[in-house]
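What the coordinates show
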Amino acid sequence: MPDYRSIVILTGAGISAESGLATFRGPDGLWEGHRVEDVCTPQALRRDPELVHRFYDERRAKLAEVAPNPAHIALSRLEREWGGDLLLVTQNVDDLHERGGSDHVLHMHGELKSALCAECGQRTVWEGSLPPGTFCQSCGAPRLGPDIVFFGEMPYEMDRIDDALRTCDLFVSIGTSGAVYPAAGFVQTARYVGADTLELNLDPSAGSIYFHEAHMGRASDLVPEWVAQLLG
C-alpha cells in the first residue's frame, strides 16, 4: 500500500442504499415514485412548492428508520486514525456519515436536516416538517425551504473540493453512478495531477474507465476491507 499523504473520498447513493435509502434515480428513472424534474429543480419548486416541500419532509422523516452501515462506520474510523489530510465529500443529503461517526463531511448537494432561506441565504439546522411559507429566524422572511442543491444550481464548496482534488495523491469513489456532474468529473481532475484513483462500487460506474483500480461489491464489505488495509 503506497504511503499516501492526502486523500479525497467521494460517496454517492450506493453507500446509503445499503442502509435502506432509495438511490437518487432508480432503474425506472424515478426517485421515490417521483420524476426528478418534479422534485429537484427550481422550476418544480416555483410550480408546486407544496409537493416539493412535502417530498423532502418525507425524505427527512425516513432517516429515523435507517442506520449507518459498516461502510459509514469504516470511513469514520479512517477519519479518526489516519494521520494525513482527508476530505470526505458526499453527494448524499442524508446524515448517515455523521451518525456513523464522521465529524467532517462536505455535503456538496445540501442536507435534508438543513433549511435554506431564499431571501438571506442563511442555512439552519432543521429536524421536522418544513411547510412553504416558513419564516426564517435570521431575516424574518417567509422563504425557508429545503437546503437541497437542485439541478442547474452550483453545488456547495466547489472551490474547496477542486483545491483538494488538485493536491491529493489518492481519489476514492464509493457507491457513485459516475453520471452526475460535476462530481462525475472528479476522477479526471485527480488523474490529471497524478493521483491514484480507486473505485469501490456495486457495479461499474459510467466513469469506471478513468480509474486505475476498481473493485465491485457491496460497500459494506469493500470499504471496511480497504480502510483496514490502508491503516495497516
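Residues numbered from 1 in each chain as written. Predicted model: local features only at pLDDT ≥ 70, side-chain atom pairs only at ≥ 80, totals over all residues. Heavy atoms only, no water.

The chain is annotated in an unreviewed UniProt entry as NAD-dependent protein deacylase from Sphingobium subterraneum. Per UniProt, the comment on the chain under Sequence similarities (unreviewed entry) is "Belongs to the sirtuin family. Class III subfamily." Here the chain is described in UniProt, under the heading Subcellular location (unreviewed entry), as follows: "Cytoplasm". (UniProt positions renumbered as here; feature names shortened; annotations may be inferred.)

What follows covers helix H9 (residues 219-231). The terminal C-alpha atoms of H9 lie 18 Å apart, and with 13 residues this matches the ideal 18 Å at 1.5 Å per residue to within 8%. If you check which residues of H9 are buried, you get Ala219, Ser220, Leu222, Val223, Trp226, Val227 and Leu230. Summarising the axial view, the buried residues of H9 lie within an arc of 165°, below the 170-degree limit, and thus occupy one face. Lining the buried residues of H9 we find strand S1 (6-11), helix H1 (13-17), helix H5 (70-81), strand S9 (170-174), strand S10 (196-201) and strand S11 (213-216). After H9 finishes, the residue glycine 232 shows a positive phi value of roughly 75°. (Helix = DSSP H or I, 4+ residues; strand = E, 2+ residues; numbered from the N terminus. Expected span 1.5 Å × (residues − 1). Buried < 20%, exposed > 50% of the residue type's maximum accessible area, 1.4 Å probe, protein only. Arc of directions from axis to C-beta. Contact = heavy atoms within 4.5 Å.)

Take the pattern of salt bridges next. If you walk through the whole model with that rule in mind, you get 17 salt bridges. Arginine 47 is the salt-bridge partner of aspartate 38, the closest N and O atoms lying 3.5 Å from each other. Each of Asp95, Arg99, Lys113 and Glu127 takes part in salt bridges that share partners, so that together they form one network. (Salt bridge = Lys/Arg side-chain N within 4 Å of Asp/Glu carboxyl O.)

Let us now look at the packing of aromatic side chains. Counted under the stated rule, the structure contains 3 aromatic pairs. Plain terms: the ring middles of phenylalanine 55 and tyrosine 56 are 5.1 Å apart, the flat faces sit at 90° to each other, and that makes the pair edge-to-face. Ring centres 6.3 Å apart and planes at 35° place the aromatic pair tyrosine 56 and phenylalanine 150 in the tilted group. Of this pair, tyrosine 56 sits in helix H4 (residues 49-62) while phenylalanine 150 sits in the loop between strand S8 (144-148) and helix H7 (158-167); the two residues are 94 residues apart in sequence, bridging distant segments of the chain. Residue tyrosine 56 shares its accessibility class with phenylalanine 150, and that shared class is buried. Clustering of aromatic rings is evident, with ring pairs tying together Phe55, Tyr56 and Phe150. One residue, arginine 59, lies across the ring of phenylalanine 55, its end atom 4.6 Å from the ring centre. For the cation-ring pair, arginine 123 lies above tyrosine 156, with the distance from its terminal atom to the ring centre recorded as 3.9 Å. (Phe/Tyr/Trp six-rings, centres within 6.5 Å; stacked < 30°, edge-to-face > 60°. Lys NZ or Arg CZ within 6 Å of the ring centre and 35° of its normal.)

This paragraph deals with the UniProt feature "binding site: Zn(2+)" (unreviewed entry) in the chain. UniProt annotation of "binding site: Zn(2+)" (unreviewed entry) refers to Cys117, Cys120, Cys136 and Cys139 when read in the numbering used here. In terms of the greatest pairwise C-alpha distance, the residues named above, spread along 23 residues, form a tight cluster of at most 8.6 Å across. On the secondary structure map, cysteine 117 appears in strand S6 (residues 110-117). On the basis of relative accessibility, which here comes to 2%, the residue cysteine 117 falls in the buried class. If we skip the residues at most four places from it in the chain, cysteine 117 touches Gln122, Cys136, Cys139, Arg143 and Leu144. Note that cysteine 139 resides in the loop between strand S7 (123-125) and S8. The exposure class assigned to cysteine 139 is partly exposed, which follows from its relative accessible area of 35%. If we skip the residues at most four places from it in the chain, cysteine 139 touches Cys117, Glu119 and Cys120.

If you look at the biggest cluster of nonpolar residues, it comprises 22 residues, and the most contacted ones within it are Ile9, Val172, Ile174, Val223 and Trp226. Secondary-structure elements contributing two or more residues to this core are S1, H5, S9, S10 and H9. Not counting the four nearest positions on each side in its chain, isoleucine 9 is found in contact with Leu75, Leu78, Leu86, Leu87, Leu88, Val89, Val172, Ile174 and Trp226. Counting 18 residues, the second-largest nonpolar core is a separate cluster that includes Leu10, Phe171, Ala190 and Phe211. (Core = buried A, V, L, I, M, F, W, Y, C linked by side-chain atoms within 4.5 Å.)

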